Every structure is written in structure tokens, then in C-alpha cells.
Amino acid sequence: MKKAWWKESVIYQVYPRSFCDSNGDGIGDLKGITGKLDYLQELGVNVIWLSPVYRSPNDDNGYDISDYQDIMEDFGTMADFDELLAQAHAHGLKIVMDLVVNHTSDEHAWFVESRSSRDNPKRDYYIWREPRNGKEPNNWGSFFSGPAWEFDETTGMYYLHCFSKKQPDLNWENPEVRDQVFKMMTWWCDKGIDGFRMDVISMISKKEGLPDVETNGGLYGHCSLGTCNGPHVHEYLQEMRNRVLSRYDLLTVGECAGVTIEEAKKYANSEGTELNMVFQFEHTDLDARLTPDGKWYKDKIDIVALKKLLSRWETELSEIAWNSLFWCNHDQPRIVSRLGDDSPRWRETSAKCIATCLHMMQGTPYVYQGEELGMTNYPFRSLSDFRDLESINAYHEWVDAGVRQPEELLEAIAYKSRDNARTPFQWDDGPNAGFTTGTPWIAVNPNYTRINAKEQLARPDSVFHYYQKLIALRRQSVDSELIVYGDYALILPDDPQLFAYLRRLGGKTLLVVCNLSGEKASFRKPDDLPAASARQLISNYPGEPAPYSLVMEPWQANVWVLE
Ligand code: NOJ
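### Things to note about the sheet that holds strand S17 (residues 498–505)
Spatial strand order, S16-S17-S18-S22-S20: five strands in an open sheet with antiparallel pairing. Both outer strands of the open sheet, strand S16 (487–491) and strand S20 (534–539), are each paired with one neighbouring strand and no more. Recorded for the sheet is a direction-independent mean angle of 20° between the axes of neighbouring strands. As paired strands, S20 and strand S22 (residues 557–562) are joined by five bridges and run antiparallel to one another. The residue bridging Ala534 from the neighbouring strand is Leu562, located in S22. Sheet strands touched by helix H16 (residues 463–475): S20 and S22. Its angle to S20, the strand with the most contacts, is close to 135°.

Following this line, the structure appears as C-alpha cells:
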């Protein structure tokens, strides 16, 4: 297999708004991040992915960009960015930028011009359509509830917005749009950044003719059905590769809503004609139902389904493309509350177990801020606790339509809301968890007095130190090659508790066994495995059990090398 630095990396996602506030305005900022580089260095990651820091009116926390070559005032200045980049590099940390080019803000100069008249030269930068029978041009619904179209009085036409109405979709069919995007990307690359995480990049090419899509019983059909993996998406990404990416040594990861294994083989193909890897969402969608309100249920992830799904991605992409490995990001609830057990008794053990399971797979692991502390979901109680437009809109959409009961829906939103990931980072047990000296833009999780970085840095058996060890094993150990490049094979596929697999490379075998349940489970080593000498690499329980017949404790994770 071809080696590459981005295959050997561990990436840490910073959500700047909630990471560290240096000036007391209650909002995290660039100087705050620069001040915490030592912390990230100590954790051992080598790449930081920054969620968007560009100028933005913040309808969707920076995923609505009004100027790609300027910095959001809340976060600081371009000089602060340059300082962060320089300091990060001095710490051996690379910086990957969030590239949000499926859409802009409606306050971006391009859109302001585009909406001003039908014959404005920028009109065709966006997707404008005439009304159909006095209504929306098709039945697409937005990711954030309601129709994906907004009527614009000035010119009497609708524009497409797959997200909020303040996020109009760019028209990638227009070569001038592509020129502008590629020029802007080049500008950032020339500044010395190290890569791009590409926001919903699978959606940039819309279905020919923008046809109606299946509504599945809802009022609208999900716009993803008309936008994901569209007819020209690979062509556009190859053009991006040829014109920009190929000129630099970058890490590129595409956030690919709706991506299948077959599509991922193209996006992340090992010939390198498009991207290095993609984020797929099949595993994070396992606890959603197949109804239009399907995200908003408090269902549990089925372990057997999860194992089979992740294992399919592992084996089918092997040698053909490359996987990214993640449980968490700024759009997902906290994994320890979702897949683990966030009660005081099991929180740390289960957080470590879940981490082991992911970090020993083949692919590039991503750690989302606070995951390395086992940060939990927030105890949301009322709608006014939320800041995220997706959650607030969903509540109104389903309650107002009489489809769901307010209390039951609120409970589900509290469990799934993106705001769970967006509460301030818990640095210490002081006021506001050390995040700000002001009033935080979103409430701090009250458990910060128990769960915080300061306490964990001082305690050798903390979740932080466990992540540090997992990362060091992958990046700087005698077993790095095996962990990064070894083949993957699932064992015990139907066991409802144990997620167990092998990694193999050059005569060495890694055996990973994780009990993803709060009950004991028995593990019996498969007969065809050598048992001669087993070296324990890491475990979240004390002691050195042998990998033969073994009772796994609740949430126990063990990794051995069999030589
Ligand atoms: C995906 C991002 O991760 C999410 O936070 C955002 O709301 C949408 N794309 C729209 O940009």
C-alpha cells in the first residue's frame, strides 16, 4: 500500500466558537486556540481541522460565509490567523481549513449582486428558477426544515438553498464559479495551510433538470436525493485536483452526505485523482428512522449492524481508497452519551472502550474537541436552551404539524442536537469551565466541575491520557505500521456485545476486542490464531489478561499483538 503522511496522522477538530475565549466576549477565538497549542501537542495529534473561521453573519455558526478571504470578527483578525498558523507549525501541528463552497452566505458580495437583477453578471453564480404554479420550482426540502427554495421579491424568482435560506447554493455548472473557488483555494494554499475539509462536497452537482424527489410521506422530498453524488461531482473534483490540489502537499477530506461505498471508491480513489478520504455517515445514521422526522428519535445504535457496516467500509475500501474514522464532530451528539454509558460509574471506561474500537481500525482517526475528555451530552430542558437552527426548526416543523408531541420531541432533540457537541470546552473547574471570563454564547455543561482537562491532565488513568496513548501507538511506536497499514478482518460478526477484529501486516497480527456493552461478555480466541506470544498493547482495565478464553468486563477493551 502507498504510504502518505495523511494516512499516518491523527486529526483534532477545533470548533473555534466553543474552544477557548481569549478576550472575554463569551465566544471562542483564534488567539484562544493559539494559547492551547501546547495542550494539543501534549495530546499527540499532528493536524488541526478548524471549523470555519471566515467572515460570516453566523446564521449557521460560520458555515454561511460572506467573505472567504477574511476572518469572522468574533474570532479575531487575519493577523491572528497568520500567528495561529505560524505557531501551530512551530508546534509540529498542521492546519486544515474548512472549505464551504456548496453555498455561501446570502450576505456574500456574489449573492448580493446575483439577487439584484435578472441580468446581473453574477446572476448565474446561484441557482435561480421561475415559480411553478405560483409555488416552489420543485418539491425539495432543506436540511434545516421547510422548502429548499426561497422566493425573492426583487426579481420574482426562487433561489435554491439546501440549508438555511441564508445559505444559497452556488451554481457549480458555471465555470466562473469554479474559477473563483479555485482562485480562493489557491490563495489559502499559498498562505501555507495544510489541507481542506470540504463541507458537503458531495452535493455540488445537482441532478439534471432539478426533478421532484420521493417525499416518503413528508411534505417535501429531502434535497439530498437531488443533490448528492450528482452527475458532474467527480468531474468538478478532478478539475479541482488538477488546478489546485495537485500543486501542494495537502490533506483533503470530503464531507460526503449520502456517500455509498461505491461512490467513496471514486472520491477517495488511491490513484489520487480526487480527494484523500471522505466522511461517510452510514454509521452515524444507524440510530435514525427512515421517516422524514427520522433523525429525532432516542433510539440506540444496534451493535451488530454497526460492526458489519464499519467492517464493510474497512474491507471494501482496502487498497482502493482510504477511510476516515470518526465518532464525533460538531454535528453529532457526544459519543459517550450515544454509544457508551455517561453515568459517573461507566463514563470513563466506556469512553476509552469506544475510542479503542475506532483508533485501531484502518483509516485516519479524527478526535473532536472534548471527546478526549469523555465530554457528555448537555442536560437540555427547554427549547430556549438551544442555539442551533437545525434543532429549533425541527421542533417547530414537527410540533406545529401535529406529527409529534412537544415533550417527547424535545427529549429526542436534547439527545440528538448538534448543540451537544457545541457547549464550551471544559478546561478546568473554575467559572465557566475556564472557557471564558465573560458570559458564554451557549451554556457550559454543569458537569465541568468533575469533567475537565485540568483534572484529567493531572491523573494518569484519565480519558485524556488514554487517548494520548492510543495516538502515540498509532503515530510513534514499534507497531505504528501495523496500526496504520495492516489489513482488517472482523471476527465474531454476530456477537451482540463484542466488537472484535484483527489487523495483519508482515507476520504480525493485532487483536482488538472491545465489549461495547455494560454486561460481562466471554471472548474465546479463534482457533486459527497463533497464541504463542501475545503482547498487550493497551487496555482500559488494569492487569495483563492473556488473549485466550477470557471474560470481558463491562466496556472492557483489550488490544494485543500476536507475534
Ligand atoms: C455540514 C456542516 O458540518 C454543518 O455544520 C453545516 O450546517 C452544513 N454542512 C451546512 O454547511
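### Description of the site of the ligand
In the region of the ligand, 13 residues are neighbours, and Asp60, His103, Asp199, His330 and Asp331 sit closest. Taking His103, its side chain carries an N or O atom lying 2.9 Å from an oxygen atom of the ligand. One nitrogen or oxygen atom from the side chain of Arg197 is found 3.0 Å from an oxygen atom belonging to the ligand. Protein contact buries 97% of the 300 Å² of open area that the ligand shows by itself. The class makeup of the residues in the shell around the ligand is four nonpolar, two polar and seven charged.

### As for the pairing of strand S2 (residues 47–50)
Neither face of S2 is open: one carries Val47 and Trp49, the other Ile48 and Leu50, and all of them are buried. Examined bridge by bridge, strand S1 (residues 11–14) and S2 share four bridges and lie parallel to one another. Considered in S2, the bridge of Tyr12 is made with Ile48.

Rules behind the numbers
Residues numbered from 1 in each chain as written. Predicted model: local features only at pLDDT ≥ 70, side-chain atom pairs only at ≥ 80, totals over all residues. Heavy atoms only, no water. Pairing = 2+ DSSP bridges. Helix = DSSP H or I, 4+ residues; strand = E, 2+ residues; numbered from the N terminus. Axes fitted to C-alpha atoms, helices over the stretch in contact; angles between N-to-C directions. Contact = heavy atoms within 4.5 Å. Near = heavy atom within 4 Å. Polar contact = N/O pair within 3.5 Å; in protein donor to acceptor, adjacent residues only side chain to side chain. Areas by Shrake-Rupley, 256 points an atom, 1.4 Å probe, with all protein chains shown as cover. Nonpolar A, V, L, I, M, F, W, Y, C, P; charged D, E, K, R; others polar. Buried < 20%, exposed > 50% of the residue type's maximum accessible area, 1.4 Å probe, protein only.

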